Structures are given as structure tokens and as C-alpha cells.
Amino acid sequence: MDITGIPFGTTDWSSIEPTEHKGVTGTAYWRTQRFGNIRVRMVEYTAGYLADHWCTKGHILFCLKGELNTELEDGRQFLLKPGMSYQVADKAEPHRSSTSLGATLFVVD
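Residues numbered from 1 in each chain as written. Predicted model: local features only at pLDDT ≥ 70, side-chain atom pairs only at ≥ 80, totals over all residues. Heavy atoms only, no water.

As annotated in an unreviewed UniProt entry, the protein chain carries the name DHCW motif cupin fold protein and comes from Pseudomonas marvdashtae.

Next comes the structure, spelled out in C-alpha cells:
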């Protein structure tokens, strides 16, 4: 990643209006900022959330609270707890998220 052309700034995530993204079950609420071609999000998943698609977008994801289950299309599964992160490249390994408890994430993609 080459970060250029972005002046110093701060983000008050609570001041950004969330957008709603329904899953097969549950809902994700995204608070999104864009800096050039970089998207930065604070994402909150409700308890019982299951993504409605396999994602092929690359991300760097950090779990702030709750627990996030990430399933790869090949069947591997990973559980993120607060303080854990994952990273995956664009079009590398399709993945989908779910959570029984709910989760709050910081995502850069």
C-alpha cells in the first residue's frame, strides 16, 4: 500500500452516520471514511450475523470487541477475539463473516 496525498486528520467515528448492511441473518452497520483509494471502516455486527456472500476483497481487520468467526471458502475457520487481527489480499481467499455474540471491527481496505 502506498499512502499519498492524504493530509493529517482525525476521525470521530461517532459522528459518522452508519449505513445498514443486512446479512443472511443479522445486520452490519458501517461507518465509512475514504482517503483516496483507501476505505477505512468501523463495523458493528449484531449478534447472530451471517454474511450473505463470499467476499474476495482484501482487508486488514482488527477486532475491538466481541468475537468474529471467519470462514474461508476452503472450509478453514478462524475466531477473532478483541486484540486480534487478520489480513488477506484481494482475490486471494474468499471469506465470509459471522458472529454469535456480535462484534466491533476496524477495517482498512
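Peer 1: Give a detailed account of the overall build of the protein chain, specifying residues and quantitative values.
Peer 2: Each helix and strand counted, the protein chain has 0 helices and 10 strands in total. From first element to last, N terminus to C terminus, the protein chain shows the α and β order β-β-β-β-β-β-β-β-β-β. Relative to the 2.2 N^0.38 estimate, which gives 13 Å for 109 residues, the radius of gyration of the protein chain is 14 Å and therefore close to what a compact globule would have. Along the first, second and third principal axes, the C-alpha atoms of the protein chain reach 40 × 30 × 25 Å. When the accessible area of the protein chain is evaluated, it comes to approximately 6800 Å², of which 53% is carbon and sulfur surface. Taking the average location of the 11 positive side-chain charges in the protein chain and that of its 13 negative ones, the two points are 1 Å from each other. (Helix = DSSP H or I, 4+ residues; strand = E, 2+ residues; numbered from the N terminus. Rg over C-alpha atoms; globule rule 2.2 N^0.38 Å. Areas by Shrake-Rupley, 256 points an atom, 1.4 Å probe, with all protein chains shown as cover. Lys, Arg positive; Asp, Glu negative; His and termini not counted. Charge placed at Lys NZ, Arg CZ, Asp CG, Glu CD.)

Peer 1: Can you tell me about the nonpolar core, naming the residues and giving the values?
Peer 2: Most often, soluble globular proteins have nonpolar side chains that are buried together. Ranked by internal contacts, the top residues of the largest apolar core, which has 14 residues, are Val43, Tyr45, Leu61, Leu68, Leu80, Tyr86 and Leu105. Here this core takes 3 residues from strand S10 (residues 103–108), the largest share from any one element. Those residues within four positions of Tyr45 in sequence are excluded, and the remaining contacts are Thr27, Ala28, Leu68, Ser97, Thr99, Gly102, Ala103 and Leu105. Among the nonpolar cores identified, the runner-up in size contains 6 residues, and Ile16, Ile38, Val40 and Val108 belong to it. (Core = buried A, V, L, I, M, F, W, Y, C linked by side-chain atoms within 4.5 Å. Buried < 20%, exposed > 50% of the residue type's maximum accessible area, 1.4 Å probe, protein only. Contact = heavy atoms within 4.5 Å.)

Peer 1: Talk me through the side chain of Arg41; I want residue IDs and the actual numbers.
Peer 2: Within the secondary structure, Arg41 is located in strand S3 (residues 38–45). You can call Arg41 buried: its relative accessible area is 5%. Residues within four places of Arg41 in sequence aside, it is in contact with Trp13, Trp30, Arg31, Thr32, His59, Leu105, Phe106, Val107 and Asp109.

Peer 1: Quick rundown of the sheet that holds strand S8 (residues 85–88)? Include the residues and the values.
Peer 2: Pairing is antiparallel in the open sheet, where 6 strands are placed in the order S1-S2-S3-S10-S5-S8. A strand with exactly one partner marks an edge of an open sheet, and here the two such strands are strand S1 (19–22) and S8. Averaged over all pairs of adjacent strands, the angle between strand axes in this sheet comes to 25°, irrespective of strand direction. As defined by bridge partners, S1 adjoins strand S2 (residues 27–35) across 4 bridges and the pair is classed as antiparallel. (Pairing = 2+ DSSP bridges. Axes fitted to C-alpha atoms, helices over the stretch in contact; angles between N-to-C directions.)

Peer 1: Kindly report on the sheet that holds strand S4 (residues 49–50), identifying the contributing residues and their values.
Peer 2: Sheet architecture is open: 4 strands sit in the order S4-S9-S6-S7, paired in antiparallel fashion. Two strands bound the open sheet, and with one partner strand each, they are S4 and strand S7 (77–80). Where strand S6 (residues 68–72) lies against S7, 4 bridges are found, and the strand directions are antiparallel. Counted as the bridge partner of Leu68 is Leu80 from S7.

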